[in-house]
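# Structural overview
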Amino acid sequence: MNSNKYLPFLVCGFGAAVLTTVPYIKSFTCCLIVPAAAFGALYLNLRVNNISTPIDIKKAILYGFLTGLTAAFFSSAFEILITYITHTNDFVESLPQTESLMRSLELGSLLDQTMGLLNNMSKDILATGFSLLYAFTITFSNLIIDSIFGIIGGVIGMSVINKRT
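Presented here is a report on the structure given in the accompanying data block. (Residues numbered from 1 in each chain as written. Predicted model: local features only at pLDDT ≥ 70, side-chain atom pairs only at ≥ 80, totals over all residues. Heavy atoms only, no water.)

On to the pattern of salt bridges, then. Between side chains of opposite charge, a pair can form as their charged atoms come close. Overall, the coordinates contain four salt bridges when judged by the stated rule. Ionic pairing is found between Glu 79 and Lys 26, a salt bridge with its closest N-O pair at 3.3 Å. Within this pair, whereas Glu 79 is found in helix 3 (residues 57-86), its partner Lys 26 is found in the loop between helix 1 (7-19) and helix 2 (29-49), the two being separated by 53 residues in sequence. Classification of Lys 26 by relative accessible area gives partly exposed; the value is 29%. Of the charged contacts in the structure, one is a salt bridge between Arg 103 and Asp 112, with a shortest N-O distance of 3.8 Å. Given the relative accessible area of 40%, Arg 103 is considered partly exposed. (Salt bridge = Lys/Arg side-chain N within 4 Å of Asp/Glu carboxyl O. Helix = DSSP H or I, 4+ residues; strand = E, 2+ residues; numbered from the N terminus. Buried < 20%, exposed > 50% of the residue type's maximum accessible area, 1.4 Å probe, protein only.)

A few words now on the side chain of Ser 122. Locating Ser 122 in the fold gives a position in helix 5 (residues 109-128). Sequence-distant contacts of Ser 122, that is, excluding residues within four places in its chain, are made with Phe 91, Val 92 and Leu 95. (Contact = heavy atoms within 4.5 Å.)

As a further point, take the nonpolar core. Counting 15 residues, the largest nonpolar core has Leu 42 and Ile 55 as its most contacted members. Only helix 1, helix 2, helix 3 and helix 6 (132-164) provide two or more residues apiece to this core. The element contributing the most residues to this core is helix 2, with six residues. In this view, Leu 42 contacts Ile 55, Lys 59, Ala 60, Tyr 63, Gly 154, Gly 157, Met 158 and Ile 161; residues no more than four positions away in its chain are not counted. Counting residues in each nonpolar core, the second largest holds eleven residues, with Phe 91, Leu 95, Met 102 and Leu 111 among its members. (Core = buried A, V, L, I, M, F, W, Y, C linked by side-chain atoms within 4.5 Å.)

Quick look at the packing of aromatic side chains now. Evaluated as defined, the whole model comprises seven aromatic pairs. Ring centres of Phe 14 and Phe 78 lie 5.7 Å apart, and the angle between their planes is 75°; this geometry places the pair in the edge-to-face category. Here Phe 14 is found in helix 1, whereas its partner Phe 78 is found in helix 3, with 64 residues between them in sequence. On the basis of relative accessibility, which here comes to 36%, the residue Phe 14 falls in the partly exposed class. (Phe/Tyr/Trp six-rings, centres within 6.5 Å; stacked < 30°, edge-to-face > 60°.)

This is the structure:
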């Protein structure tokens, strides 16, 4: 079994996850960091395994998907850990603005139920540093978003790398 084929997406996915913890860089996670990490994983795979043949679409999609999953897993873990240590996060800080925006939409009883859940998550985070619902939602959303943008980055990376070789 060749372990070098798993190393590139693990390294690039972990690197992308580390970058998601930096406050101002965090905004570019989905549209720049994860696709660049998928591109980097494809490029590292070529260099580590001495591959000279063009990359096929299946490999590009697979590497993009796996890089996105790795980035999502580690970024969620880092986010949950930092929230646990600090007892606050962006969600807690922006909840009052979210509530005022949602109240302006006049959603009725749906708004009250939604705000009840969001306020409970915020109270749990402020009190203990952990909310199971928050951990689930951040992990689920990261898995979906990062895997999609990882696939996009893998396909773009495939086209760029194949043009150069």
